[in-house]
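Results of the structural survey
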Amino acid sequence: MTGTPIIFRRELAAYFTSPVAYLIAAAFLVFTAITFNQDLAFAITVRPVDPALIPRVLTQLLIFIAPLLTMRLLAEENREGTLELLLTAPVSDASIVIGKYLAAWVYYTFLLALTLVYQIILVNIAFPDMSHTLGAYIGIWLYGGATLAVGLVFSALTESQVLAAFLGMIALLILYFADRIGQIVANIDLGLIIFQLTLQGHFIPTFAQGVIRAEDIVYYAGLIVVMLFVSIRLVESRRWR
Amino acid sequence: MIEVENLVKRYGNMTAVKGINFRVEPGEIVGLLGPNGAGKTTTMRMLTGFMPPTEGTIQICGFDVVEDSMSVRQRVGYMPERVPVYPDMTVEGYVTFWAKLRGVRDVRARVHAVLEQFQLLDRRKQLVRFLSKGLRQRLGLAQALVHQPPVIILDEPTIGIDPRQVIEVRDAVRSLREGHAVLFSSHILSEVEQVCDRVIIINHGQIVGEGTPETLSRQLAGRQQVFVVVEGGSDARISAFLRKIPDVVHVRAMDDGFLITTKSDVDLRPTLSRLITQEGFTIVEMRAVDASLEDVFLTLTETKQP
Ligand SMILES: Nc1ncnc2c1ncn2[C@@H]1O[C@H](COP(=O)(O)OP(=O)(O)OP(=O)(O)O)[C@@H](O)[C@H]1O
Ligand SMILES: [Mg+2]
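These numbers come from a predicted model, not from an experiment. Each chain has its residues counted from 1, following the order in which its sequence is written. Each chain gets a letter, beginning with A, and each ligand a number, beginning with 1, in the order they are written. Local features in this predicted model are restricted to residues whose pLDDT is 70 or higher, and side-chain atom pairs enter the listing and the counts only when it is 80 or higher, whereas totals over whole chains, interfaces and linings include all residues. Only heavy atoms go into the side-chain values, all of them from the structure, while hydrogens and water stay out.

Some remarks on the overall build of chain A
The line we're drawing: The helix count covers DSSP runs of H or I at least four residues long, the strand count covers runs of E at least two residues long, and both are numbered beginning at the N terminus. All radius of gyration figures rest on C-alpha atoms, and the globule criterion is 2.2 Å times the number of residues raised to 0.38. Throughout this description, buried means an accessible area under 20% of the type-specific maximum (1.4 Å probe, protein chains only), exposed means over 50%, and partly exposed covers the range between. Contacts: residue pairs with any heavy atoms within 4.5 Å of one another. Per-residue and other accessible areas follow the Shrake-Rupley method at a 1.4 Å probe size, with only the shown protein chains counted as cover for residues. Residues counted as positive are Lys and Arg, residues counted as negative are Asp and Glu, and His and the chain ends are not counted. Working definition for charges: the position is that of NZ of Lys, CZ of Arg, CG of Asp or CD of Glu.
Per the secondary structure count, chain A includes 11 helices and zero strands. When the helices and strands of chain A are read in sequence order from the N terminus, they spell out α-α-α-α-α-α-α-α-α-α-α. Taken over the C-alpha trace, chain A has a radius of gyration of 19 Å; the compact-globule value for 241 residues is 18 Å, and the two agree within 12%. Taking the principal axes of the C-alpha coordinates as reference, chain A spans close to 60 × 45 × 30 Å. Counting only residues that meet the buried cut, chain A has 56% of its 241 residues in that class. Expressed as a percentage of contacts within chain A between residues at least 6 apart in sequence, the contacts between residues at least 24 apart total 78%. By element, 74% of the accessible surface of chain A is carried by carbon and sulfur atoms, the whole surface being about 10700 Å². Between the mean site of the 13 positive side-chain charges and the mean site of the 15 negative ones, chain A shows a separation of 4 Å.

Structural notes on the interface of chain B and chain A
Defined as follows: Note on terms: buried area is the combined drop in 1.4 Å-probe accessible area of two parts once they are placed together, counting the loss on both. Take a side-chain nitrogen of Lys or Arg and a carboxyl oxygen of Asp or Glu: if they are within 4 Å of each other, that pair is a salt bridge. Two N or O atoms count as a polar contact when they lie within 3.5 Å, although within protein this holds only if one can serve as hydrogen donor and the other as acceptor, and sequence-adjacent residues are included solely when both atoms are side-chain atoms.
Taken together, the contact between chain B and chain A spans 24 residues of the former and 23 residues of the latter. In total, chain B and chain A occlude about 2300 Å² of area from one another, counting both sides; carbon and sulfur atoms represent 66% of this. Three residues stand out in chain B for area buried against chain A, namely Phe50, Arg73 and Leu101 of chain B, and they jointly supply 28% of the buried area on that side. For the salt bridge of Arg45 of chain B with Glu84 of chain A, the shortest nitrogen-to-oxygen distance reads 2.9 Å. Inspection of the chain B/chain A interface yields six residue pairs in polar contact (both at pLDDT 80 or more). Looking at the side of chain B that touches chain A, the elements that each hand over two or more residues are α2 (69-75) and α3 (91-101) of chain B. Top contributing element to the side of chain B that touches chain A by residue count: α3 of chain B, with five residues.

Section: the pattern of salt bridges
Scanning the entire structure with this criterion turns up 21 salt bridges over all chains. Residue Glu77 of chain A pairs with Lys100 of chain A through a salt bridge whose shortest N-O separation is 2.7 Å. Residue Glu77 of chain A is found in helix α3 (residues 53-80), and its partner Lys100 of chain A is found in helix α5 (residues 93-114); the two are separated by 23 residues along the sequence. You'll find Glu77 of chain A and Lys100 of chain A in the same group, each marked buried. Between Glu285 of chain B and Arg287 of chain B there is a salt bridge, with the nearest N and O atoms lying 2.9 Å from each other. Here Glu285 of chain B falls in the partly exposed class, since its relative accessible area comes to 32%.

Considering helix α6 (residues 116-125) of chain A
In an α-helix, one turn spans 3.6 residues; hence positions three or four apart end up facing the same way. All names here are of chain A. Short version of the rule: To be clear, the arc concerns the directions from the helix axis to the C-beta atoms.
Considered for burial, the residues of α6 that qualify are Tyr118, Gln119 and Leu122. Projected down its long axis, α6 shows its buried positions confined to an angular sector of 100°, all on one face. Turned more than 90 degrees away from the buried face of α6, the exposed residues are Ile120 and Asn124.

A few points about the coordination of the magnesium ion (ligand 2)
Residues and elements named next belong to chain B. Our working definition: Only N, O and S atoms count as donors, using a 2.8 Å cut-off from the metal and 3.2 Å for Na, K and Ca, and because water is excluded some sites may appear unfinished.
For the magnesium ion (ligand 2), every protein donor is listed as Thr41 (OG1) and Glu81 (OE), and the spread of their distances is 1.8 to 2.7 Å. You can see Thr41 sitting in helix α1 (residues 40-47) and its partner Glu81 sitting in the loop between β6 (76-79) and α3, a full 40 residues away along the chain. Here Thr41 falls in the buried class, since its relative accessible area comes to 17%.

Some points on the sheet that holds strand β7 (residues 151-154) of chain B
All names here are of chain B. What counts is decided by this rule: Following DSSP output, two strands are said to pair if at least two bridges run between them. To get an axis, fit a line to the C-alpha atoms, keeping to the stretch in contact for a helix; angles then go from 0 to 180 degrees between the N-to-C directions.
One open sheet accounts for six strands, arranged β6-β7-β8-β3-β9-β10; its pairing is mixed. Across the chains shown, the open sheet's two edge strands, defined by having one partner strand only, are β6 and β10 (206-211). The mean inter-strand angle of the sheet, taken between neighbouring strand axes irrespective of direction, is 15°. Along the sheet, α1 contacts β3 (28-33), β6, β7, β8 (181-186) and β9 (198-203); its crossing angle with β8, the most-contacted strand, is approximately 150°.

Next comes the structure, spelled out in structure tokens:
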């Protein structure tokens, strides 16, 4: 794993110098800001503020943002040919994939940290349940990690960034809304089981209420591990083509 | 330092490299020469550990490329065909990245040294995307040498650059001879002739000739080449007729005439002129030609279809 920190640092620097990453950050902030503002307007008259508002909104926003953040990671190396140099450098395939993944997660963490501004505003004008907010933020941080890992798989799969992003979004949409299938077959038990397998099933009923459950952490961590494993295998398979 | 035995590579059911054997010793620059699609890049990709051979073994500095991949990768400097770059990095950042990834100890000093060696020092803050092709080629060399590898593999280092920069790259390659084993591919003969101690000619995945530029030229010494310009018939008819003449091994249309390679060391010119006139053609010009390495190359790679 000696290569991981070196790959990680280059990749993180690439995020902070890439115009695309700034556009994504801008979209991220504009979207969360509008939501926050609307909720605040409601909160004055209708109901108390939702301490998990931003994380809750992010569960759906990430379906689109995460693949955009990860699409470049391996697809570009593949298309530009730099992957040939990486794969002939004395570092393992796993350390390359993990270094890149961690850079994406840290960049996402940075974006998430920016949204703490809203929480600071909230603390100053209302009395939100801070432990509730904290639980939801931990949840969305893990949730984000999982969606980025899914996005990475598709960046490893294809040379085209656009295709990688597109496939990543479809995969995340399916992972998020799969429980609707349960509703279609009109079987409540089946619906519940599928719900337990979806991205939202481990967030909306628990983290969004400020509840941290071990099984939810295991779900997201497991998803990350499996997706990283698949990505590493896909990179290895490049050698055989 | 590079030992290749029985190397085979299949892509699906297409065999790109068909059992080649060769060695490169330290202090030697060897040119891998072949036309497009001969299997040069495929061979080099197996040497650098980018992809595993289908059959056969490769040893680099005594380490097996498959079994001991990491040891091999530390000892090889590789410049792929079109120098791949990260366009948004600076020249210095790019070389530093590869230096660190390959575990160079004194990164700053080494990066400075290679940038100086390839005259990139004054451009070290420039973004890679703005480099000209020649500079990019030099960046590729800097990247390949930054970790001081004993084995250097360069895939067509002079492709697509102007003649002045070709000379620069060639001089740079030549300066590497000391203590390094250099394997360098090209499909331009004059280049290989000027830089290499030894040439390996490959075609359709097989070695079709090997030796110093001089020995290869001498391979044709027993033969003789005659250039004739003939009139009185279509080119196809004339060439078909020439091919049928005994002792003629190869006929190639060249300029306005034909380059005839003959088998024997007897001067075939009297026989040729007699036969051509008997057939009703007119000889406009006829002269003996010295066999050059280029002829060896073309003769070896043109005729042998699998
Ligand atoms: N990844 C691949 N999959 C399938 N076939 C391939 C692959 N790479 C190369 N080939 C085929 O193998 C043969 C040898 O290709 P290679 O790139 O090694 O030739 P080359 O000598 O480097 O040619 P050039 O001078 O054009 O670079 C070619 O016929 C090519 O089409
Ligand atoms: Mg090639």
